[in-house]
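Inside the fold
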Amino acid sequence: MKKAFWLVFLALAACTAPQGIKTTGNLRIQSVQPDVVSGCTVQAGDWMALKGNTFGTQAEWDSGANHALFPPEPGLPAESPEITQAENPATLMFRVPQGAQSGILRLHVEGVGNAEIPVNVQTLAPQMAVPGCEVPAPPQPPE
């Protein structure tokens, strides 16, 4: 009975996670803007926003305990990571670093879990306006 419950639970959890995003531990990613999972591209300097259940604290991002690494290996750290909303849903914003390549964006949240998000990094011209591919506005400084 217990085994059946966990199988159903895992199946439901898999259905709610965006396709292409792999997570471990308690980390859950609800959405990525621009929607790189559906094929949207990003460029160096573009802002990205992740929404999920938790991304830790700003102090953990500032200290490097939490990180987002773009390919190539061993990974280029995302620039200016900032938690713009702590919950309901938690929102993390960061910029794509210079030299980033297409591949797997690896996210680590200390004590919570990890995520792997496929990204397609475009190096030349801006992309056409496609719904879901809009780059989020930069975070606003606190007043």
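Residues numbered from 1 in each chain as written. Predicted model: local features only at pLDDT ≥ 70, side-chain atom pairs only at ≥ 80, totals over all residues. Heavy atoms only, no water.

1. Side note on the packing of aromatic side chains
For the structure on display, the rule yields one aromatic pair. With 6.1 Å between their ring centres and 70° between their planes, F70 and F94 make a pair best called edge-to-face. Taken together, the positions of F70 in strand β5 (residues 67-70) and F94 in strand β8 (residues 90-95) put the pair 24 residues apart, joining distant regions of the chain. For the pair F70 and F94, one class covers both residues: buried. (Phe/Tyr/Trp six-rings, centres within 6.5 Å; stacked < 30°, edge-to-face > 60°. Helix = DSSP H or I, 4+ residues; strand = E, 2+ residues; numbered from the N terminus. Buried < 20%, exposed > 50% of the residue type's maximum accessible area, 1.4 Å probe, protein only.)

2. Some thoughts on the sheet that holds strand β7 (residues 79-85)
Overall, antiparallel pairing links the four strands, which are arranged β2-β4-β8-β7 in an open sheet. The strands lining the two open edges of the sheet, one partner per strand, are β2 (29-33) and β7. Strand-to-strand twist of the sheet, defined as the mean angle between neighbouring strand axes without regard to direction, takes the value 20°. In this structure, β7 lies alongside β8, joined through four bridges in antiparallel fashion. Its bridge partner lying in β8, Q85 is registered against T91. (Pairing = 2+ DSSP bridges. Axes fitted to C-alpha atoms, helices over the stretch in contact; angles between N-to-C directions.)

3. Topic: the pairing of strand β4 (residues 47-52)
Among the six residues in β4, five count as buried, and that is most of the element. Judged from the four bridges that link them, β2 and β4 form a sheet pairing that is antiparallel. Paired with V32 across the bridge in β4 is L50. Bridge analysis of β4 against β8 gives six bridges, and the strand direction is antiparallel. In the sheet register, L50 faces β8, and the bridge partner there is L92.

4. Structural notes on empty space enclosed by the protein
In this approach, a probe sized like a water molecule rolls over the atoms, and the result shows the empty space that is left. Applying the stated criterion to the full structure yields one cavity of 30 Å³ or more. As a volume, the largest cavity reaches approximately 40 Å³. Forming the walls of the largest cavity are L69, F70, P71, P72, E73, P74, G75, I104 and R106. Looking at the lining of the largest cavity, the elements that each hand over two or more residues are β5 and β9 (103-109). (1 Å grid on protein atoms, 1.4 Å probe; cavity = no way out; pocket = protein on both sides within 12 Å on 5 of 7 lines; lining within 4 Å. Points joined across faces, edges and corners; volume = space filled by probe spheres on them.)

5. Digging into the pattern of salt bridges
Across all of its chains, the model carries two salt bridges by this definition. Two residues, E73 and R106, come together in a salt bridge whose shortest N-O distance is 3.7 Å. Taken as a pair, E73 in the loop between β5 and β6 (76-77) and R106 in strand β9 lie far apart in primary sequence, 33 residues in all. For E73, a relative accessible area of 60% gives the class exposed. For R106, a relative accessible area of 33% gives the class partly exposed. (Salt bridge = Lys/Arg side-chain N within 4 Å of Asp/Glu carboxyl O.)

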